[in-house]
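The primary structure of each chain is shown beneath.
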Amino acid sequence: MAHTSKLAMRGVALFGASVMALGLGACSGGKSDSSSGASGGQVTVEMWDYLSGDTANSSIEASIAEFEKANPDIKVKRTTFAFADLSKSILQGSVGGEVPDVAVVDVVDNQNFASLGMLKDLSGDGINKSDFFDGPWSSVEFDGKTYGIPLNSNNLALYYNKTMLKEAGVEVPTDWASLKEAAKKTTKGDVKGLAISAVKNESGTFQLLPFVWQTGGDMSNYSESGATALTYLRGMIEDGSVSEAVVNYTQEDARTQFITGKAAMMINGPWELSTLTKDAEIEWDVAPLPKDKRAATSMGGENVVVMNGAKQSEAAVKLAKYLTSAEGAKIYCDGSGQLSSRPDLQGKLKLSSDAKLKVFEDQLQYAHARAYGKDYPKISEAIQLSMQEALTGAATPEAAAKKASETITPLLPKN
């Protein structure tokens, strides 16, 4: 297995809990092994991932099978984990050098692992930035170097109840003003106009950040951009079109409100499509997130990383490059229903023919990664606190954003 840097060993205790808490679209399932070891002249590449759901597992296996067919001298041995266990296992394994050659990790974990010296710098391995959307690519960069390759992506869009909007006489919202109007006009009795997740964890950060980016701002001016976003959302709580309970809503709770007809609209990701298609007894559709000064949405997904000092470094890089290539990524995304991080696959996946999924695919050009360096877990915590304070009325949006900005600004990467 790979060796571990001293920096990584010192950082495990500091970053472990925060890294494990981050990420969206968690996959379930226990730890298991697949594929046999090497024989003859083969080398074995050890790969860890959490792609244990039925479609994700079979799809990554299909991509690996094609890689092994083209590279008969390389055998891939996978170990799959529950989503919440992978980061912990990588961090713990790094102490004793028991880490894989390759791992598929959540986009949020990529920079954390890079900051600990755990990932191989792939800058000189012929990986082209132009092959990927800007959002996914930004998640693999750290200190001007490349420490991973985007595999697949997801983002947030607006789900809406077609019947409710029609009865309220409003069009599908395209900007903040029309979203506020539609939310207000569709609020009636115990039905709210909009449901979001504003819970105090990474899901809440994931859902708030599009509003921040849509102001035209970012973390560097959160005292202004955050205040504007929080004022907008607080305003919809005050006018009754968003429930005060959103500070406790998970993304699943938002879906429940929408699917049961208690919310006319919700902000959520493509992972909800299959459930709504199967269970929803309402007429619904999906639209891009309404914008303020610019279009923006949050990006989630997975990257493929090579561990620093991988035992089979050359073969590991070859595997990582294939899985994220147009050929390998198409196999995985077509089978799993995921969105590709590659512009050259836009419109060419099986999901591209699905109008609802295509909304998410088209939005990838506006998707922002939560790529704010090694201290992102602390930055996210400050964002969550500001959201809770502002949306509950414990502090004004301006005061909450200013307080958060005082924490965030010193933590941002200097370059």
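Above this note sits the structure.
What counts and how
Residues numbered from 1 in each chain as written. Predicted model: local features only at pLDDT ≥ 70, side-chain atom pairs only at ≥ 80, totals over all residues. Heavy atoms only, no water. Helix = DSSP H or I, 4+ residues; strand = E, 2+ residues; numbered from the N terminus. Phe/Tyr/Trp six-rings, centres within 6.5 Å; stacked < 30°, edge-to-face > 60°. Lys NZ or Arg CZ within 6 Å of the ring centre and 35° of its normal. Salt bridge = Lys/Arg side-chain N within 4 Å of Asp/Glu carboxyl O. Buried < 20%, exposed > 50% of the residue type's maximum accessible area, 1.4 Å probe, protein only. Pairing = 2+ DSSP bridges. Right-handed = clockwise from strand over helix to strand, strands pointing away. Axes fitted to C-alpha atoms, helices over the stretch in contact; angles between N-to-C directions. Parallel < 35°, antiparallel > 145°, perpendicular 65-115°, else oblique. Left-handed = near helix turned anticlockwise from the far one by under 90°. Contact = heavy atoms within 4.5 Å. Nonpolar A, V, L, I, M, F, W, Y, C, P; charged D, E, K, R; others polar.

*Asks:* So, unusual backbone geometry: which residues are in play, and what are the values?
*Replies:* Not every positive phi belongs to a glycine, and D143 is a case in point at roughly 55 degrees. Note that D143 resides in the loop between β5 (141–142) and β6 (145–146).

*Asks:* For the packing of aromatic side chains, give the residues involved together with the corresponding values.
*Replies:* The geometry of an aromatic ring pair is captured by the separation of the ring centres together with the interplanar angle, meaning the angle of the planes. Tallying each qualifying case throughout the model produces 13 aromatic pairs. Put simply, the rings of Y159, F258, W284 and F360 touch in pairs and so form one group of aromatic residues. When the ring centre of F132 is taken as reference, the NZ or CZ atom of R342 above it lies at 5.3 Å. Lying over the aromatic face of W284, K356 brings its terminal NZ or CZ to 4.9 Å of the ring centre.

*Asks:* Which residues make up the pattern of salt bridges, and what are the values?
*Replies:* Counted under the stated rule, the structure contains 17 salt bridges. Linking K262 and D190 is a salt bridge whose minimum nitrogen-to-oxygen distance equals 2.6 Å. Here K262 is found in the loop between α10 (251–259) and β10 (263–268), whereas its partner D190 is found in the loop between α7 (176–185) and β9 (192–195), with 72 residues between them in sequence.

*Asks:* Would you mind going over the pairing of strand β3 (residues 74–80) in detail, with residue names and values included?
*Replies:* Counting buried residues along β3, five of its seven residues qualify, which places the element largely inside the surrounding structure. Pairing of strand β2 (residues 43–49) with β3 involves seven bridges; the strand directions are parallel. Residue pairing for β3: T44 is matched across the bridge by K75. For the handedness criterion, the β-α-β arrangement of β2, helix α2 (residues 54–70) and β3 is classed as right-handed.

*Asks:* Describe the packing of α7 against helix α9 (residues 222–238), naming the residues involved and giving the relevant values.
*Replies:* Contact geometry of α7 with α9 gives a least axis separation of 10 Å together with a crossing angle of 20 degrees. On the basis of their axis angle, the class for α7 and α9 is roughly parallel. Regarding α7 and α9, the two cross each other, and that crossing is right-handed. Only T228, A229, Y232, G235 and M236 of α9 make contact with α7, whose side of the interface consists of W176, L179, K180 and A183. A class-by-class count of the residues in the contact of α7 with α9 yields six nonpolar, two polar and one charged.

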